[in-house]
Amino acid sequence: MIELKHLTKKYDHFLAVEDLNLKIETGEFFGLLGPNGAGKTTTIGMLSTLLLPTSGEIWINGELLTRQKNQLKQKLSVVTQEYSMRQDMTMNEIMEYQGHLYYMPIKKIRERSEELLEFCGLIDYRKRTVRKLSGGMKRKLMVCRALLTEPEILLLDEPTAGMDAFARRQMWNLLKKLNQQKLTILLTTHYMEEAETLCDRVGFMCGGRLEETDAPGHMIETLGRYAVDETSPDGLKSHYFHGKEEAIQYLSASEQETALRSTTLEDVFLETIGQQLECR
């Protein structure tokens, strides 16, 4: 279990994360959503101990997380936004180097590497250097590297950023399989479809503050399962309805160009956070 208690990170007069309180259960897939600059990456940085909080605490399975607690830190592994791998190294070398950093026996490194590369569909490319890998393959290799030490918690910071649609779906399938093995996953993303597909619960961040947390399906149900998009001279306006009949009734009575569709998590996000973004 992850518990963030009044977590705050301040840079001079700028509050990157403000009084963040959040509990993520063991085995849960949690998505932290928000626009660029919302505080998502800063939160991951504090969880990984790369950044120290200005105030507040992080607890892992009932134990306070600090930089000095190496055994506790090894329960967490991070996949960053950036490709943090040497371009001239092969997959085998990347995995071996990671294992040596954690003083793993070479036999264990090779056994675990074989298992992970097979699991992620990379085994046939193990002797290929990083510079010759596609973007999707690099991302999957970073996940393999992060899992080498058998962590209990995986922190993913925008893991599908820059991927094409096919590679993104491959990554989604991989993350689903990992979560089915009871791995706790914290995902940051600004792709709402990704969070709606993968996450048990999501939290909306904006301006460093956590605004709302709930299951995606419940958020959509609360707003209304059906959306009518209405185009007028002032632009596009969406209206939400709990029942299909009332949505169709509104659509039929409108004198504007309209379209009926299912409500998405993106609609919920825009209704919850959109006004704050417009006021920036």
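Keep in mind it's a predicted model, so treat the numbers as computed, not measured. (Residues numbered from 1 in each chain as written. Predicted model: local features only at pLDDT ≥ 70, side-chain atom pairs only at ≥ 80, totals over all residues. Heavy atoms only, no water.)

What the rule picks out here adds up to two aromatic pairs. The interplanar angle of 85 degrees and the centroid separation of 5.1 Å between the aromatic rings of Phe-204 and Phe-269 together place this pair among those described as edge-to-face. Within this pair, whereas Phe-204 is found in strand 9 (residues 201-206), its partner Phe-269 is found in helix 10 (residues 265-278), the two being separated by 65 residues in sequence. The exposure classification of Phe-204 matches that of Phe-269, with both residues buried. With 5.4 Å between their ring centres and 45 degrees between their planes, Phe-241 and Tyr-250 make a pair best called tilted. Note on Phe-241: relative accessible area 13%, which makes it buried. One Lys or Arg, Arg-168, reaches over the ring of Tyr-191 and ends 4.3 Å from the middle of that ring. (Phe/Tyr/Trp six-rings, centres within 6.5 Å; stacked < 30°, edge-to-face > 60°. Helix = DSSP H or I, 4+ residues; strand = E, 2+ residues; numbered from the N terminus. Buried < 20%, exposed > 50% of the residue type's maximum accessible area, 1.4 Å probe, protein only. Lys NZ or Arg CZ within 6 Å of the ring centre and 35° of its normal.)

The next thing to look at is the UniProt feature "domain: ABC transporter" (unreviewed entry) in the chain. The UniProt record annotates "domain: ABC transporter" (unreviewed entry) at residues 2-232. Its end C-alpha atoms 46 Å apart, residues 2-232 is made of 35% helix and 29% strand. (UniProt positions renumbered as here; feature names shortened; annotations may be inferred.)

This brings us to the pattern of salt bridges. Here the structure, examined in full by the defined rule, presents 13 salt bridges. Across the pair Glu-28 and Arg-201 runs a salt bridge, and its minimum N-O distance is 2.5 Å. Of this pair, Glu-28 sits in the loop between strand 2 (14-24) and strand 3 (29-33) while Arg-201 is found in strand 9, placing the two residues 173 residues apart along the sequence. Judged by relative accessible area, which is 10%, Glu-28 ranks as buried. By relative accessible area, Arg-201 is classed as partly exposed at 21%. A salt bridge links Lys-108 to Glu-150; the nearest nitrogen and oxygen atoms lie 3.4 Å apart. Linking Lys-108 in helix 4 (residues 106-119) with Glu-150 in the loop between helix 5 (135-147) and strand 7 (153-157), this pair joins segments that are 42 residues apart in sequence. (Salt bridge = Lys/Arg side-chain N within 4 Å of Asp/Glu carboxyl O.)

Bringing unusual backbone geometry into the picture now. Phi is positive for Thr-49, which is not a glycine, with a value near 70 degrees. Of note, Thr-49 is situated in the loop between helix 1 (40-47) and strand 4 (55-60). Judged by its relative accessible area of 11%, Thr-49 falls in the buried class. At Glu-150, a position not held by glycine, the phi torsion is positive, near 55 degrees.

With that settled, the discussion passes to the domain arrangement of the chain. The figure often quoted for interface size is the accessible area lost as the parts come together. Domain assignment breaks the chain into domain 1 (2-214) and domain 2 (219-279). Computed from C-alpha atoms alone, the centre-to-centre distance between domain 1 and domain 2 is 34 Å. The interface is formed by 13 residues belonging to domain 1 together with 11 residues belonging to domain 2. Both faces considered, domain 1 and domain 2 share a buried interface measuring about 1100 Å² in area, 79% of it formed by carbon and sulfur atoms. Considering only the surface of domain 1 that becomes buried against domain 2, Met-192, Glu-196 and Phe-204 emerge as the three largest contributors, covering 49% of it. In this assembly, domain 1 and domain 2 are joined by zero salt bridges. If you look at where domain 1 meets domain 2, you find one residue pair in polar contact (both at pLDDT 80 or more). Listed by contribution, the elements that provide at least two residues to the side of domain 1 that touches domain 2 are helix 7 (192-198), strand 9 and strand 10 (209-214). With four residues, strand 10 is the single largest residue contributor to the side of domain 1 that touches domain 2. (Domains from an automatic or database assignment. Contact = heavy atoms within 4.5 Å. Buried area = accessible area lost by both parts, 1.4 Å probe. Polar contact = N/O pair within 3.5 Å; in protein donor to acceptor, adjacent residues only side chain to side chain.)

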